[in-house]
Amino acid sequence: MDPGRLRDAWSKGGVLTQILPGFRELRTPLATGVLWLLTLWVTLGDRFPSRAEATGFTGRVYGLAELVGRPGVGAALVFTAYIVGSVVSISANQLLREPTNDAWEPGNVLPDRWPVVQGRPVLMRYRSATVAAGYPAFADTGLLTQQAWADLQTHVSTNPLLLWLESHRSERHRDVAERILLRYVLEELGQLGTRLHAKNSTLYADHDRLMAEADLRVNVGAGVAVLAVALSARATPLFLLAFAVSTLLIIMGMARARQANDVIVQALVIGEVISTSLTEADGAVEALRNTIASDGQPQSA
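Report on the accompanying structure. What you see is a predicted model, and the numbers here were worked out from it, not measured in a lab.

Digging into the nonpolar core
One recurring pattern in soluble globular proteins is that nonpolar side chains are buried together.
Next, step 1: Within the largest apolar cluster, 37 residues are counted, with the highest numbers of intra-cluster contacts made by Leu144, Leu152, Val156 and Leu186.
Next, step 2: Contributions of two or more residues to this core are made by helix H3 (92-96), helix H5 (146-157), helix H6 (160-168), helix H7 (171-187), helix H8 (189-199), helix H9 (201-234), helix H10 (242-269) and helix H11 (276-295).
Next, step 3: Top element by residues in this core is H10. It accounts for eight residues.
Next, step 4: Grouped together as the second largest cluster of nonpolar side chains are five residues, Leu35, Val42, Leu227 and Ala230 included.

If you want it as structure tokens, here you go:
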């Protein structure tokens, strides 16, 4: 192959690589907006007067459309679709996150026994961790595949704070602290993604591609469902069969979102990114040791 043509192809490929991320950000709100505008047209289109019937403001709208021509009208519709889609579209991760459980607030788990070290509550003085109401289970696996969840649990379980609690407090202390650390790490997924973008652009590109596909499928699926309802109300209930397509798209989108989150978790496990929560837990061990050294033997509950 001619070296000049090879360089041209490489250059075009580089430009395409730079354009793709921007296109991914554009396509989801645009596709979502088009579906919602189409739904609005199906629902209210017959209430809009024709050109011959238009007077006042609607007449001026038709006049403006004639002035700018079809390209101008098309551009205005595309821009409107993008704005509408940006407002109504949601992230696929919003469907995967479990509702926040107030029972997991540190004060509810171990009242008055969570002194704050470096901005995080940490078990400190008491050997026992009895709570009359018990403590809730925590298995927020919706954001991750089962394998990635298991890898994250294994990674968090080696944290020095958990090892210290196991040897100096009780297994219950360790269990509660591990579950809360897992929750903190899951809440950090967005920040970890930003750090991955700065640290390893190749891995982040995989995450970004999967998450963009997830958002597109979820929002198009939701838009198809709303459009199907509008069409069934105005035409025939047979359009409700489109719910099967929308459900399939949403399920596929949620699966893609889990894969995207898995990329961040694996980057954390292999050390490409660092979790602030786990780093603070590491530092808390030294604070715990210093507290025991200054206070003597810890008190028992």
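Notes on the packing of H5 against H10
Next, step 1: Two elements in contact, H5 and H10, have axes separated by 10 Å at closest approach and are oriented at 30 degrees. Here H5 is positioned roughly parallel relative to H10, judged by the angle of their axes. The chirality of how H5 crosses H10 is left-handed. Of the residues in H10, those touching H5 at Ala148, Asp151, Leu152 and His155 are Asp262, Val265, Gln266, Leu268 and Val269.

Topic: H6
Next, step 1: The complete set of buried residues in H6 reads Leu161, Leu162, Trp164 and Leu165. Around the axis of H6, the buried residues are gathered within 160 degrees of arc, so they sit on the same side.
Next, step 2: Near the N-terminus of H6, the side chain that reaches the backbone nitrogen of Leu161, with its oxygen 2.9 Å away, is that of Asn159.

Calculation criteria
Residues numbered from 1 in each chain as written. Predicted model: local features only at pLDDT ≥ 70, side-chain atom pairs only at ≥ 80, totals over all residues. Heavy atoms only, no water. Core = buried A, V, L, I, M, F, W, Y, C linked by side-chain atoms within 4.5 Å. Buried < 20%, exposed > 50% of the residue type's maximum accessible area, 1.4 Å probe, protein only. Helix = DSSP H or I, 4+ residues; strand = E, 2+ residues; numbered from the N terminus. Axes fitted to C-alpha atoms, helices over the stretch in contact; angles between N-to-C directions. Parallel < 35°, antiparallel > 145°, perpendicular 65-115°, else oblique. Left-handed = near helix turned anticlockwise from the far one by under 90°. Contact = heavy atoms within 4.5 Å. Arc of directions from axis to C-beta. Polar contact = N/O pair within 3.5 Å; in protein donor to acceptor, adjacent residues only side chain to side chain.

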